[in-house]
Amino acid sequence: MPAATGAELSLFEIEFSAMGTRCSLSLFATTQEVARTMAEPVIADVTRLEAKYSRYKKDSFLSAINRTAEQGGRIEVDSETAALLDYAHACYEESDGLFDITSGLLRRAWNFQPEGQTQLPDAGELAELLTRVGWEKIEWKQPRLSFLQPGMELDFGGIVKEYAVDRACGLLQTSGAHHALVNLGGDVGVSGAKPDGSAWRVAISDPEQPDSPLHTVELSAGALASSGSYARALEINGQTYSHLLNPKTGYPFTGLQAASVVADQCTVAGSLATIALLKQEHGRHFLEQTGLWFFLKGV
């Protein structure tokens, strides 16, 4: 579908829910019907990715992988999953083992749901879970994924939503939506500037006051992703515990509250923001070395 001229375009907002969060598409089109037609492939693809990689859906491919992991078996994966596994391996290496998609298993000892928990996990329980955590306990050689330790589990939660943003921007470009912004729960990408050439203005929320912006970023291309330890946290005996767990100790990280990064791809921006939080006092230096724009919020 060819793009219309700037004078013929109006801004339309299309909202939907996916991946456990509020999502929206802001795009310029000639009519609401055209905007909806452009948005449909994006919504369908985000829904597809949720169905494929949700750990909550028993019929997802991720659940099939985790059933194999539980038995310490092996499974062959498709090319899309292989690409995500390759990226997860790169993140593991870049983060010195802190960004580890096997660490979701530790949630069995920590409850970050609204009802929370009132006591720290039993040390013995954490120690037992840690025997089944660690990317090094996996043998990955495309297309075969082998689990060397029974009782493991994978979680693509730190990658898939950002990957969905990148795919959404590509699909919008293909459908002729060259002036659009994708927002999947705060992970943002654009298919191009506004019709008049101006940038999209995207707000970064304050960790302590999520409804108040800390900073505003202008995007004409690329993506912005944020990672925050404040999003889900526990308070036990007056101490706040982040949902970001150290795969080496089993305990939450402390220090930096939030990180935001602008990059060409949302997948890259999101993983770098998360790694910065995982690196804590070394997070700023880590991001400075990337040469990318970033914003950090401390304790």
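Quick note: structure is the one above.
Residues numbered from 1 in each chain as written. Predicted model: local features only at pLDDT ≥ 70, side-chain atom pairs only at ≥ 80, totals over all residues. Heavy atoms only, no water.

1. Description of the overall build of the protein
Secondary structure summary: the protein contains seven helices and 14 strands in total. Over its C-alpha trace the protein gives a radius of gyration of 20 Å, about what one expects of a compact globule, namely 19 Å for 299 residues. The C-alpha extent of the protein, read off along each of the three principal axes, is 65 × 45 × 40 Å. Within the protein, buried positions represent 52% of all 299 residues. Across the protein, every contact between residues at least 6 apart in sequence was considered, and the portion connecting residues at least 24 apart equals 59%. About 14200 Å² of surface is accessible on the protein, with carbon and sulfur atoms providing 48% of the total. For the protein, the distance from the average site of its 24 positive side-chain charges to the average site of its 37 negative ones is 4 Å. (Helix = DSSP H or I, 4+ residues; strand = E, 2+ residues; numbered from the N terminus. Rg over C-alpha atoms; globule rule 2.2 N^0.38 Å. Buried < 20%, exposed > 50% of the residue type's maximum accessible area, 1.4 Å probe, protein only. Contact = heavy atoms within 4.5 Å. Areas by Shrake-Rupley, 256 points an atom, 1.4 Å probe, with all protein chains shown as cover. Lys, Arg positive; Asp, Glu negative; His and termini not counted. Charge placed at Lys NZ, Arg CZ, Asp CG, Glu CD.)

2. Let's talk about the pairing of strand S4 (residues 138-141)
Of the two faces of S4, the one holding Ile138 and Trp140 is buried and the one holding Glu139 and Lys141 is not buried anywhere. Judged from the four bridges that link them, S4 and strand S5 (residues 144-147) form a sheet pairing that is antiparallel. Counterpart to Glu139 in the pairing with S5 is Ser146. Counted along the chain from S4 to the antiparallel partner S5, the turn is two residues long. (Pairing = 2+ DSSP bridges.)

3. As for the packing of helix H1 (residues 32-53) against helix H5 (residues 160-175)
Closest axis-to-axis distance for the H1/H5 pair is 9 Å, and the angle between their directions is 155 degrees. Classified by the angle between their axes, H1 and H5 sit roughly antiparallel to one another. Both H1 and H5 take part in a crossing whose hand is right-handed. Side by side, H1 and H5 meet where Met38, Pro41, Val42, Asp45, Val46, Arg48, Leu49 and Tyr53 of the first sit next to Val160, Tyr163, Ala164, Arg167, Ala168, Leu171, Leu172 and Ser175 of the second. (Axes fitted to C-alpha atoms, helices over the stretch in contact; angles between N-to-C directions. Parallel < 35°, antiparallel > 145°, perpendicular 65-115°, else oblique. Left-handed = near helix turned anticlockwise from the far one by under 90°.)

4. As for the nonpolar core
Leu27, Leu85, Ile101, Leu145 and Leu154 are the most contacted members of the largest nonpolar core, which has 70 residues in total. Dropping the residues within four chain positions of it, Leu154 is found in contact with Leu62, Ile65, Asn66, Leu85, Ile101, Thr102, Ile138, Leu145 and Phe147. (Core = buried A, V, L, I, M, F, W, Y, C linked by side-chain atoms within 4.5 Å.)

5. Some words on the pattern of salt bridges
All chains considered together, the criterion is met by 15 salt bridges. Between Lys52 and Glu80 there is a salt bridge, with its nearest N and O atoms 2.8 Å apart. Within this pair, whereas Lys52 is found in helix H1, its partner Glu80 is found in helix H3 (residues 79-94), the two being separated by 28 residues in sequence. Residues joined in a network through salt bridges with shared partners are Asp45, Arg48, Lys52, Asp78, Glu80 and Arg167. (Salt bridge = Lys/Arg side-chain N within 4 Å of Asp/Glu carboxyl O.)

6. Describing the side chain of Lys279
If you trace the backbone, Lys279 turns up in helix H6 (residues 266-279). For Lys279, a relative accessible area of 16% corresponds to the buried category.

7. Here we look at the sheet that holds S4
The strand order S3-S5-S4 describes an open sheet built from three strands, whose pairing is antiparallel. Each end of this open sheet is capped by a strand with a single partner; those strands are strand S3 (74-76) and S4. Between one strand axis and the next, the sheet turns through 10 degrees on average, direction left out of account. This element, helix H2 (residues 61-71), spans S3 and S5 of the sheet and lies at about 150 degrees to S3.

8. Here we look at the environment of Lys248
Relative to the helices and strands, Lys248 is located in the loop between strand S12 (239-242) and strand S13 (258-263). C-alpha of Lys248 to C-alpha of Val133: the two residues are 115 residues apart in sequence and 8.2 Å apart in space. Not counting residues up to four positions away in its chain, the partners in contact with Lys248 are Asp96, Gly97, Leu98 and Leu130. Within the local environment of Lys248, its side chain forms a polar contact with the backbone oxygen of Asp96, the two atoms lying 2.8 Å apart. (Polar contact = N/O pair within 3.5 Å; in protein donor to acceptor, adjacent residues only side chain to side chain.)

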